[in-house]
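What follows is each chain in one-letter form.
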Amino acid sequence: MTTSTQEVSFADATAVKALSSHTYEANFPDDWCIGSVPHGGFVTSVFLQVATTHFNTTLSAQKQPHTIGLHLDFLRRTQGGPAIFTVQDTKLGRQTSIIHITLTQDGRQEVVGSLTQSNIHAESGISFDTGFSLSPAPLPVDLAKLNEDTDENWMKAGPMPFSAFRKATKKTQFYLPRKEQKNRSWSDQYIRLASGEKWTNESIGYVVDMFRMPVESHLQLEAAEKKSAGEGNGETRKFWYPTVLLNLDVKKALPEEGVEWLFSRTTAKQVKNGRMDLEIVVVDEHGDIVALSHHVALAVSAERNLAKRVTGSSKM
């Protein structure tokens, strides 16, 4: 596998090839990167694809095709090109199984993960309506009108700031409230893949890390205030937001054929000293929770993304 400057579909970009019963190879294309680093949500989706492949082949007897829980630690910057995923079968159970996956490139351990598998369709047991709902509720939407960009509450957004640097963001079409977001520290969006591909459970990893970053609203306000004070030209500062760790709790199995639209709300409770939390709730067109996610992320100068890698370490 080699890198390419051509546009690569989500399915091709996240494809994995078995090298052995517990080793898989992927390739990270440049157009799925932020700067020189593959997008964290894209990498998360490749982890999910490795788990799906592993449980459809090596561990097919477990009959546990769905990842219901995931924890990833991003140890070092990943890079475009070949990547090796090594799987350890940590606990194989009747209802759930746990595997550990290590991503290496050029001999460096870069991301380590723990994934819990089950069969969502076979789950049984007590169920209660907890009364949970997003508050405030998302604005009403007509998906047929949204498809034509004529919905009265939602409109197609332009490119993200610094989209040439944030190449992976161009893979998604964002539809945002026609009025401003209700709070600078959160972001509501309807999203679909620009390629026309559908969202599947393997792509949920990308969904929970692809949103209008709340901190950007604060940066835009900062730039506007500085310009008003005669201290700048109104341009926002350019940051990179590397993920330190990502947790994912999958609540619902999407149809095998996938879905076109998903809604997500991203909330940051604190941005302090270059570190922030992110909470993401993903909901389908029926209002069902598809997934919940929590991140610890950094806000650092974009130069750190492009800095020369130190052989053998390449720290974040």
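Right above here is the structure, for reference.
A short tour of the structure in this document, coming up. (Residues numbered from 1 in each chain as written. Predicted model: local features only at pLDDT ≥ 70, side-chain atom pairs only at ≥ 80, totals over all residues. Heavy atoms only, no water.)

1. With respect to the overall build of the protein
Move 1: Helix and strand counts for the protein stand at six helices and 18 strands.
Move 2: For the protein, the residues scored as buried account for 49% of the 316 residues in total.
Move 3: Residue pairs in contact within the protein that sit at least 24 positions apart in sequence constitute 69% of those at least 6 positions apart.
Move 4: Surface accessibility of the protein: about 15300 Å² in total, with carbon and sulfur atoms responsible for 50%.
Move 5: The protein carries 34 positive and 36 negative side-chain charges, and their two centres are separated by 6 Å. (Helix = DSSP H or I, 4+ residues; strand = E, 2+ residues; numbered from the N terminus. Buried < 20%, exposed > 50% of the residue type's maximum accessible area, 1.4 Å probe, protein only. Contact = heavy atoms within 4.5 Å. Areas by Shrake-Rupley, 256 points an atom, 1.4 Å probe, with all protein chains shown as cover. Lys, Arg positive; Asp, Glu negative; His and termini not counted. Charge placed at Lys NZ, Arg CZ, Asp CG, Glu CD.)

2. Brief notes about the pairing of strand β7 (residues 97-105)
Move 1: Sheet analysis places strand β6 (residues 81-91) next to β7, joined by seven bridges and oriented antiparallel. Across the sheet, residue Ile-84 finds its bridge partner in β7, namely Thr-104.
Move 2: Across nine bridges, β7 lies against strand β8 (residues 108-118) in antiparallel orientation. Bridge pairing links His-100 to Ser-114 in β8.
Move 3: Counted along the chain from β7 to the antiparallel partner β8, the turn is two residues long, and its residue Asp-106 has a positive phi close to 50°. (Pairing = 2+ DSSP bridges.)

3. A short note on the environment of Arg-184
Move 1: Turning to its location among the elements, Arg-184 is positioned in the loop between β10 (172-177) and β11 (186-193).
Move 2: Considering only alpha carbons, one finds Arg-184 and Lys-251, 67 residues apart in sequence, at a separation of 27 Å.

4. So, the environment of Ala-268
Move 1: Along the chain, the position of Ala-268 falls in the loop between β14 (262-267) and β15 (271-272).
Move 2: Looking at Ala-268, the relative accessible area reads 9%, which means it is buried.
Move 3: Each C-alpha atom, one on Ala-268 and one on Trp-186, is 6.2 Å from the other, the two residues being 82 residues apart in sequence.
Move 4: Beyond its immediate sequence surroundings of up to four residues, Ala-268 is in contact with Ser-185, Pro-214, Asp-277 and Leu-278.

5. Let's talk about the nonpolar core
One recurring pattern in soluble globular proteins: nonpolar side chains tend to sit buried together.
Move 1: Ranked by size, the top nonpolar core spans 63 residues in total, and within it Phe-28, Phe-47, Phe-85, Trp-199, Leu-248 and Leu-262 carry the most contacts.
Move 2: Broken down by element, this core gets its largest block of residues, eight residues, from helix α2 (residues 40-56).
Move 3: Discounting chain neighbours no more than four positions away, the residues touching Phe-47 are Leu-72, Phe-85, Ile-101, Leu-103, Val-111, Gly-113 and Leu-115. (Core = buried A, V, L, I, M, F, W, Y, C linked by side-chain atoms within 4.5 Å.)

6. Details of α2
Move 1: The end-to-end C-alpha separation of α2 is 24 Å, in line with the 24 Å expected for 17 residues at 1.5 Å each.
Move 2: α2 sits mainly inside the fold: 16 of its 17 residues count as buried. (Expected span 1.5 Å × (residues − 1).)

7. What to know about the packing of aromatic side chains
Move 1: Evaluation of the coordinates by the stated rule reveals 13 aromatic pairs.
Move 2: A centroid spacing of 5.9 Å and a plane angle of 55° characterise the contact between Phe-10 and Tyr-206, whose relative ring orientation is tilted. Of the two residues, Phe-10 sits in helix α1 (residues 10-13) while Tyr-206 sits in helix α4 (residues 204-207), which places them 196 residues apart along the sequence. For the pair Phe-10 and Tyr-206, a shared accessibility class is recorded, and that class is buried.
Move 3: With 5.0 Å between their ring centres and 90° between their planes, Trp-154 and Tyr-190 make a pair best called edge-to-face. (Phe/Tyr/Trp six-rings, centres within 6.5 Å; stacked < 30°, edge-to-face > 60°.)

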